[in-house]
Amino acid sequence: MSLNIWCHYLKLLFFIFLISVIVSCEKSDNEVTNSAYVTDVFEYQYAPGQHANIVKPADAANFISLPSNVKSCLYLGGWGGYVIAGFDHNVINHEGYDFEVFALAGVSPEPAIVYVMEDKNGDGKPNDIWYELKGNQFENSKRNYWVCYYKAFSDSANITWKDSEGNTGELLAGFGTKYTASWWWKYYENDSITFYGTRLPDAYENNSTQWAVPVDRFTWGYAENNFGIDYDQTVHSNQFDISNAVDSLGNSINLLHIRFIKIQTGVFQQAGWLNEISSEICGARELK
């Protein structure tokens, strides 16, 4: 074999060795940096609600990483309030539950709908198509729904609203304040704000003695739902299966994996002294 051929042969071996080292390092780096928990929040929008005076945009950081007693949960407010967050890797759709959403431990559900998205273009940003994860109230929900809220005219007035079905009304405070003007979040850019999404059936019923959620109302598929069969009482989370993804028409979608999640208050109801039904969530984690 000539010296020239040997040189080419050695170069090829070196190239193969170099590629194997790079692949090995990348795999090792992924194993080290991939977090089971949400690592980024891309958008947070509080909907009008009783906690408007204490909630700040920076609170979105509470949804990142491991929930703890050091940080509070994230308030989403009334119907439509949401957070968009992402993992630093694809969460694989395998058999059974794929991820869980932690929530404020409470005595009754305040259900939030969970949406998922792939990272098809690989840019690490939630700019593709959202798919809703259906729950047991899927058939009784209103999809492609919206509500526009209007700032109260004065401190002694209520926030008003209209929805996609032509209904109008005002938010009424139960206790603590006489009017809902203080429920308007000071970080809104305009005097009105519109939220889009799916509306779940009312959570609470007034049985003349108290407001209560029927135990069979929300049985699976929603965040902050401690009545669900998917609820883990130890860590206060609801668990989700990516296989339940549907498009805007309600058709099932086969997703191999997802990268981003959107969690949105799903109930548009004011239950007397309980005020608005508003979801409080504390983080999300991949399940393997």
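Structural data are supplied above this passage.
Presented here is a report on the structure given in the accompanying data block. (Residues numbered from 1 in each chain as written. Predicted model: local features only at pLDDT ≥ 70, side-chain atom pairs only at ≥ 80, totals over all residues. Heavy atoms only, no water.)

### Re the overall build of the chain
Filter applied, for reference: Under the DSSP-based scheme used, a helix requires at least four consecutive residues in state H or I and a strand at least two consecutive residues in state E, with every element numbered from the N terminus. Any two residues whose heavy atoms approach within 4.5 Å are treated as being in contact. Areas reported as accessible are Shrake-Rupley estimates using a 1.4 Å probe. Residue values count occlusion only from the protein chains shown.
Scanning the chain for helices and strands turns up 1 helix and 17 strands. Residue pairs at least 24 apart in sequence account for 72% of intrachain contacts in the chain once pairs closer than 6 positions are excluded. Accessible surface computed for the chain: about 14900 Å², of which carbon and sulfur atoms make up 54%.

### Considering the sheet that holds strand E4 (residues 99–103)
Put simply, the rule reads: Strands qualify as paired when DSSP identifies two bridges or more between them.
The 5 strands are arranged E2-E17-E4-E14-E13 in an open sheet whose pairing can be described as antiparallel. With partners counted over all chains shown, the strands left at the sheet margins are strand E2 (74–75) and strand E13 (231–232), one partner each. Taken together, the 5 bridges between E4 and strand E17 (residues 280–286) define a ladder with antiparallel strand orientation. The residue of E17 that forms the bridge with Phe102 is Gly283.

### Things to note about the environment of Lys186
By the secondary structure assignment, Lys186 is in the loop between strand E9 (168–170) and strand E10 (192–199). Distance in space between the C-alpha atoms of Lys186 and Lys56 is 9.2 Å, their sequence separation being 130 residues.

### Details of the sheet that holds strand E1 (residues 40–45)
Pairing is antiparallel in the open sheet, where 6 strands are placed in the order E1-E3-E16-E5-E6-E15. Two strands lie at the open edges of the sheet, namely E1 and strand E15 (245–246), each paired on one side alone. Looking at chain direction, strand E6 (residues 131–133) and E15 are connected through 2 bridges and run antiparallel. The partner of Glu132 across the bridge, within E15, is Val246.

### Considering the side chain of Gln137
Note the cut-off: Exposure categories follow from relative accessible area, calculated using a 1.4 Å probe and restricted to protein chains: below 20% of the type maximum is buried, above 50% is exposed, and the middle band is partly exposed.
Note that Gln137 resides in the loop between E6 and strand E7 (142–150). Under the relative-accessibility criterion, Gln137 is labelled buried at 7%. If near-sequence neighbours (up to four positions away) are discounted, Gln137 is found in contact with Pro201, Asp216, Arg217, Phe218 and Tyr222.

### Thoughts on the environment of Leu274
Structurally, Leu274 is set in the loop between strand E16 (257–265) and E17. Classification of Leu274 by relative accessible area gives partly exposed; the value is 25%. It is 8.0 Å that separates the C-alpha atoms of Leu274 and Trp211, two residues lying 63 residues apart in sequence. In this structure Leu274 touches Gln50, Tyr204 and Trp211, once residues within four positions along its chain are discounted.

### Focus: the pattern of salt bridges
Keep this limit in mind: Salt-bridge detection follows one rule: a side-chain nitrogen of Lys or Arg within 4 Å of a carboxyl oxygen of Asp or Glu.
For the structure on display, the rule yields 6 salt bridges. Across the pair Asp119 and Arg259 runs a salt bridge, and its minimum N-O distance is 3.3 Å. With a gap of 140 residues between them, Asp119 in the loop between strand E5 (112–117) and E6 and Arg259 in strand E16 connect regions that are remote in the sequence. With relative accessibility at 12%, the residue Asp119 sits in the buried group. Note on Arg259: relative accessible area 17%, which makes it buried. For Arg217, the salt bridge is made with Glu205, and the minimal N-O distance between the two is 2.5 Å. Taken together, the residues Arg217 in the loop between strand E12 (211–212) and E13 and Glu205 in strand E11 (residues 205–206) connect sequence positions 12 residues apart.

### Let's talk about the nonpolar core
Worth spelling out the cut-off: In plain words, nonpolar cores are sets of buried Ala, Val, Leu, Ile, Met, Phe, Trp, Tyr and Cys residues tied together by side-chain atoms within 4.5 Å.
The biggest cluster of nonpolar side chains holds 47 residues, and the ones touching the most others in it are Phe63, Tyr149, Ile261 and Ile263. Looking at this core, the elements with two or more residues in it are strand E3 (82–92), E4, E5, E6, E7, E10, E16 and E17. The biggest single contributor to this core is E3, with 6 residues. Apart from the residues within four sequence positions on either side, Ile263 is in contact with Phe63, Leu76, Gly81, Tyr82, Val83, Val101, Ala112, Ile113, Val114, Ala223 and Ile281.

### A short note on the packing of aromatic side chains
Each aromatic ring pair is summarised here by two numbers: the centre-to-centre distance and the angle between the ring planes. The test is simple: When the centres of two rings from Phe, Tyr and Trp lie within 6.5 Å, Trp using its six-membered ring, the rings pair. Their planes under 30 degrees apart give stacked, over 60 give edge-to-face, and anything left gives tilted. Only lysine NZ and arginine CZ atoms are considered, and such an atom sits over a ring when it is within 6 Å of the ring centre and within 35 degrees of the ring normal.
Applying the stated criterion to the full structure yields 14 aromatic pairs. Here Phe99 and Phe240 contribute two aromatic rings whose centre-to-centre distance is 5.6 Å and whose plane-to-plane angle is 20°, an arrangement assigned as stacked. With Phe99 in strand E4 and Phe240 in strand E14 (residues 237–240), the pair connects residues that are 141 residues apart, well separated along the chain. Side by side, Phe99 and Phe240 carry an identical accessibility label, which is buried. Grouping aromatic residues by their ring pairs yields a cluster made of Tyr44, Tyr46, Trp184, Trp185, Tyr187 and Tyr188. Directly above the ring of Phe138 sits Lys134, whose terminal nitrogen or CZ lies 5.7 Å from the centroid. Against the face of Tyr115 rests Lys262, its NZ or CZ located 5.7 Å from the ring centre.

### Focus: the state of the cysteines
Note the cut-off: Pairs of cysteine sulfur atoms within 2.5 Å are what we label disulfides.
Taken as a whole and judged by the stated rule, the model has 1 disulfide. Linked covalently through their sulfurs, Cys73 and Cys282 form a disulfide whose S-S length is 1.7 Å. Looking down the S-S bond of the Cys73 and Cys282 bridge, the torsion is 70°, so its handedness is right-handed. Here Cys73, found in the loop between E1 and E2, pairs with Cys282, found in strand E17; they are 209 residues apart in sequence, far enough to count as distant. Classification of Cys282 as buried rests on a relative accessible area of 8%.

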